[in-house]
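# Report on the structure
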Amino acid sequence: MKKQEYLELFSQMVQIRRLEESAAELYQQGLIGGFLHLYIGQEAVSTGLISARQPQDRVITAYRDHGVAINCGISANQVMAELLGKKTGCSRGRGGSMHMADVSKNYWGGHAIVGAHLPLASGLALGDLYRGNKAVTIAMFGDGATNIGFFHEALNLSKVWNLPVFWVCENNQYGMGTAVARASAVSDMRQKAGGYGIPTSRVDGMNIMEVRQASLDIIEKIRSGSGPYFLEVETYRFRGHSMGDPERYRKAEEIHHWEESDPIGIYHRYLVSNGIATEEELCKAEDDAAEVINKSVEFAQASPEPAPEELFDNIYVEP
Ligand SMILES: Cc1ncc(C[n+]2csc(CCOP(=O)(O)OP(=O)(O)O)c2C)c(N)n1
Ligand SMILES: [Mg+2]
């Protein structure tokens, strides 16, 4: 990568962190309704992963989707406006936090029902296979989703039909307040995909360069026709499951332990120690990201609400 590309990834990560911190504040002020699931701690996963895709590759994820939207090229303004339910949001204010999407950027959302987007991923990939497109569908989901029936149906069919799907399991150690070991029969998520004959590997999700390299290799392998692949990404969410989570299920020491592996800090040290960027350049990138996010809050607050008479638009396809 060129220096500018390394810096672009750093900017995306810090923009996501600032966006999520601002969203938490706006939620506490009552300006964001519904649920809000933050991606703080997991920024290296989607940033490394999506940096490895080509524009024709599709991305679909669950409800922890704001950061993924930024990585897919949706502006902070559009993400923030969507969080505030405004007309200028990427889903025109109708989706909110859990339903960010922009098909023009090949970002297929943003899904609130655990695991329900996994059969959709198989369907998107089947469409590409049928049309002869050389596209890969990247399907992101949590550890908890691997306990859901949809997961097993979608993975099974993806292997039966040799679909170009990149299954990416973000193992952040918890599904809501339940630790992996308490809900999953096996703690190694790869075993579940292995049961369907799908090749697997695991990567450190706090290290963006590792995620990116693994993703580049896997995406090219899938593009060459080798069928589905399953990657387990070890990560951790620094905040609660959603806003208002009392977090009685984990100890402060555990959080502090993982915070020592902050993905932004790890990438910062990597860039400086390898002479790719200076402290000053990274400081400036952080300031710029904060500015972009502050402006996005102003933009979202000044934006109009969707008009009530538009309520039924885009629900059915017009004949
Ligand atoms: C079918 C279904 N069951 C239960 C829920 C409630 N629920 C929301 S998030 C969640 C935990 C999912 O955990 P995981 O897949 O690990 O994702 P994470 O939140 O850790 O990113 C549950 C059970 C839901 N949204 N959908
Ligand atoms: Mg989880």
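No experiment lies behind these values; they were computed from the predicted model shown. (Residues numbered from 1 in each chain as written. Chains lettered and ligands numbered in written order. Predicted model: local features only at pLDDT ≥ 70, side-chain atom pairs only at ≥ 80, totals over all residues. Heavy atoms only, no water.)

### A short note on the overall build of the protein
- Each helix and strand counted, the protein has 12 helices and 7 strands in total.
- In terms of overall dimensions, the protein has C-alpha extents of about 60 × 50 × 45 Å along its principal axes.
- Within the protein, the proportion of its 319 residues that are buried is 51%.
- Sequence separation of 24 or more characterises 75% of the internal contacts of the protein that already satisfy a separation of 6 or more. (Helix = DSSP H or I, 4+ residues; strand = E, 2+ residues; numbered from the N terminus. Buried < 20%, exposed > 50% of the residue type's maximum accessible area, 1.4 Å probe, protein only. Contact = heavy atoms within 4.5 Å.)

### Overview of the site of ligand 1
- If you check the shell around ligand 1, you find 14 residues, and the closest are Y63, R64, G144, N172 and Y174.
- Separating an oxygen atom of ligand 1 from a side-chain N or O atom of R64 is a distance of 2.7 Å.
- Starting from 590 Å² of accessible surface for ligand 1 in isolation, the protein chains cover 70%.
- Its atoms largely coinciding with the cavity grid, ligand 1 occupies the largest pocket.
- Of the residues in the shell around ligand 1, the class split is 7 nonpolar, 5 polar and 2 charged. (Near = heavy atom within 4 Å. Polar contact = N/O pair within 3.5 Å; in protein donor to acceptor, adjacent residues only side chain to side chain. Areas by Shrake-Rupley, 256 points an atom, 1.4 Å probe, with all protein chains shown as cover. 1 Å grid on protein atoms, 1.4 Å probe; cavity = no way out; pocket = protein on both sides within 12 Å on 5 of 7 lines; lining within 4 Å. Sits in = over half its atoms within 2 Å of the grid points. Nonpolar A, V, L, I, M, F, W, Y, C, P; charged D, E, K, R; others polar.)

### Considerations on the pattern of salt bridges
- Inspection of the entire model under this criterion finds 16 salt bridges.
- The closest approach of N and O atoms between D128 and R58, which form a salt bridge, is 2.7 Å. Of this pair, D128 sits in helix α5 (residues 117-131) while R58 sits in strand β1 (residues 58-60), and the two are 70 residues apart along the sequence. Both residues of the pair, D128 and R58, count as buried.
- For D288, the salt bridge identified is with K284, shortest N-O distance 2.8 Å. On the criterion of helical spacing, the pair formed by D288 and K284 is a turn pair, its members being 4 residues apart in helix α12 (residues 279-302).
- Under the relative-accessibility criterion, K284 is labelled exposed at 51%.
- Each of R17, E43 and D262 takes part in one network of salt bridges that share partners. (Salt bridge = Lys/Arg side-chain N within 4 Å of Asp/Glu carboxyl O.)

### Overview of the coordination of the magnesium ion (ligand 2)
- Distances from the magnesium ion (ligand 2) to its protein donors, D143 (OD), N172 (OD1) and Y174 (O), fall at 2.1 to 2.3 Å.
- The sequence pattern describing where the donors of the magnesium ion (ligand 2) fall on their chain is D-x28-N-x1-Y. In this pair, D143 is assigned in the loop between β2 (137-142) and α6 (149-160) and Y174 in strand β4 (residues 174-175), connecting sequence segments 31 residues apart. (Donors = N, O, S within 2.8 Å, 3.2 Å for Na, K, Ca; no water.)

### Things to note about the layout of surface pockets
- A volume near 580 Å³ is recorded for the largest pocket.
- Along its surface, the largest pocket is lined by 33 residues, and Y63, V114, G175, M176 and H241 are the ones closest to its centre.
- Tallied by class, residues from the lining of the largest pocket come to 15 nonpolar, 14 polar and 4 charged.
- Space inside the second largest pocket adds up to approximately 230 Å³.
- As for the second largest pocket, its lining consists of C90, S91, R92, R94, A101, D102, V103, D313, N314 and I315. (Points joined across faces, edges and corners; volume = space filled by probe spheres on them.)

### Comments concerning unusual backbone geometry
- Despite not being glycine, Q173 has its phi angle at roughly 80 degrees, a positive value.
- Relative to the assigned elements, Q173 resides in the loop between β3 (165-171) and β4.
- Positive phi, normally seen in glycine, also occurs at E247, with a value near 55 degrees.
- Relative to the assigned elements, E247 resides in the loop between β7 (229-234) and α10 (252-259).

### Some thoughts on the confidence of the model for the protein
- Mean pLDDT over the protein stands at 97; residues scoring 70 or higher make up 100%.
- Per-element confidence in the protein is highest for β2, whose mean pLDDT is 99, and lowest for α10, whose mean pLDDT is 96. (pLDDT = per-residue confidence, 0-100.)

### Some details on the packing of helix α1 (residues 3-28) against helix α4 (residues 76-83)
- Look at α1 against α4: their axes get within 11 Å of each other, and the N-to-C directions meet at 25 degrees. Considering the angle they form, α1 stands roughly parallel to α4. Between α1 and α4 lies a crossing whose hand is right-handed. Side by side, α1 and α4 meet where Q15, L19, S22, A23 and L26 of the first sit next to A76, V79, M80 and L83 of the second.
- Within the contact of α1 with α4, the residues separate by chemical class into 7 nonpolar, 2 polar and no charged. (Axes fitted to C-alpha atoms, helices over the stretch in contact; angles between N-to-C directions. Parallel < 35°, antiparallel > 145°, perpendicular 65-115°, else oblique. Left-handed = near helix turned anticlockwise from the far one by under 90°.)

### Some thoughts on the packing of aromatic side chains
- Summed over all chains, the structure comprises 9 aromatic pairs.
- Between the aromatic rings of Y174 and Y236, the centroid separation amounts to 6.5 Å while the plane-to-plane angle is 70 degrees, which identifies the pairing as edge-to-face. Of this pair, Y174 sits in strand β4 while Y236 is found in the loop between β7 and α10, placing the two residues 62 residues apart along the sequence.
- Given a relative accessible area of 0%, Y236 falls into the buried group.
- An aromatic cluster is built from F141, F151, W167 and F230, whose rings are joined through pairwise contacts. (Phe/Tyr/Trp six-rings, centres within 6.5 Å; stacked < 30°, edge-to-face > 60°.)

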